[in-house]
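Each chain, written out:
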Amino acid sequence: MTMDRYLDPHQARTRAQTPYENLLGDSIERAYAQGIHELGPLVNYLNQFGPGPQEGDAWTEEAFAALMARLGN
């Protein structure tokens, strides 16, 4: 039996996630579970609990949005 393509949650992936991307995704999931859904509070959460950005000392809304845009391509 073959699974319909639209049911594959990883169908758009072109590569495996890096360990950093996995840590970031886990942290974002924890923030969402705590009811944090807006960009500003999410950035504050990441700055408090990590992981930090790969470049720079702290997350900014712009840096987070840029990383999400890059990872989404």
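Refer to the structure presented above.
Quick summary incoming for the structure in this document. Per chain, the residues get numbers from 1 upward, laid out in the order the sequence is written. It should be noted that, the model being predicted, local features are given only for residues of pLDDT at least 70 and side-chain atom pairs only at 80 or more, the latter also being counted only at that level, while totals for whole chains, interfaces and linings use all residues. Side-chain descriptors were evaluated using all non-hydrogen atoms of the structure, hydrogens and water having been removed beforehand.

## Re the overall build of the chain
In plain terms, the rule: The helix count covers DSSP runs of H or I at least four residues long, the strand count covers runs of E at least two residues long, and both are numbered beginning at the N terminus. Accessible area is worked out with a 1.4 Å probe on protein chains only. A residue is then buried under 20% of its type maximum, exposed over 50%, and partly exposed in between. The contact criterion used is simple: two residues touch if any of their non-hydrogen atoms lie within 4.5 Å. Accessible surface area values rest on a Shrake-Rupley calculation with a 1.4 Å probe, where residue burial reflects the displayed protein chains alone.
What the chain contains, in helices and strands, is three helices and zero strands. In the chain, the order of α-helices and β-strands from amino to carboxyl end is α-α-α. Taking all 73 residues of the chain together, 25% fall into the buried category. Expressed as a percentage of contacts within the chain between residues at least 6 apart in sequence, the contacts between residues at least 24 apart total 35%. Working note: accessible area of the chain is about 5,600 Å², and carbon and sulfur atoms make up 53% of it.

## Digging into unusual backbone geometry
A cis amide bond links G50 with the next residue in sequence, P51, at an omega value of 0 degrees. Examined against the element boundaries, P51 turns out to sit in the loop between α2 (39–49) and α3 (61–71).

## A look at the nonpolar core
For the record, the criterion: We define a nonpolar core as any set of buried Ala, Val, Leu, Ile, Met, Phe, Trp, Tyr and Cys residues linked to one another through side-chain atoms lying within 4.5 Å.
Counting 12 residues, the largest nonpolar core is built from Y20, L24, I28, A31, I36, L42, V43, Y45, L46, W59, F64 and L67. Contributions of two or more residues to this core are made by α1 (19–33), α2 and α3. Apart from residues no more than four positions distant in its own chain, Y45 is found in contact with S27, R30, A31, Q34, I36 and G50.

## Describing the packing of aromatic side chains
Keep this limit in mind: Between the rings of Phe, Tyr and Trp (Trp by its six-membered ring), a pair exists once the centres lie within 6.5 Å; its type follows the angle of the planes, with under 30 degrees stacked, over 60 edge-to-face, and the other angles tilted.
Counted under the stated rule, the structure contains two aromatic pairs. Consider the rings of Y45 and F49, whose centres lie 4.8 Å apart with planes at 45 degrees: the pair is tilted. Taken as a pair, Y45 and F49 lie in helix α2 at a separation of four residues, close to a single helical turn. Taking relative accessible area as the criterion, Y45 reaches 6% and is therefore assigned buried. Note on W59 and F64: the rings are 5.8 Å apart at their centroids and 75 degrees apart in plane angle, and the pair reads as edge-to-face.

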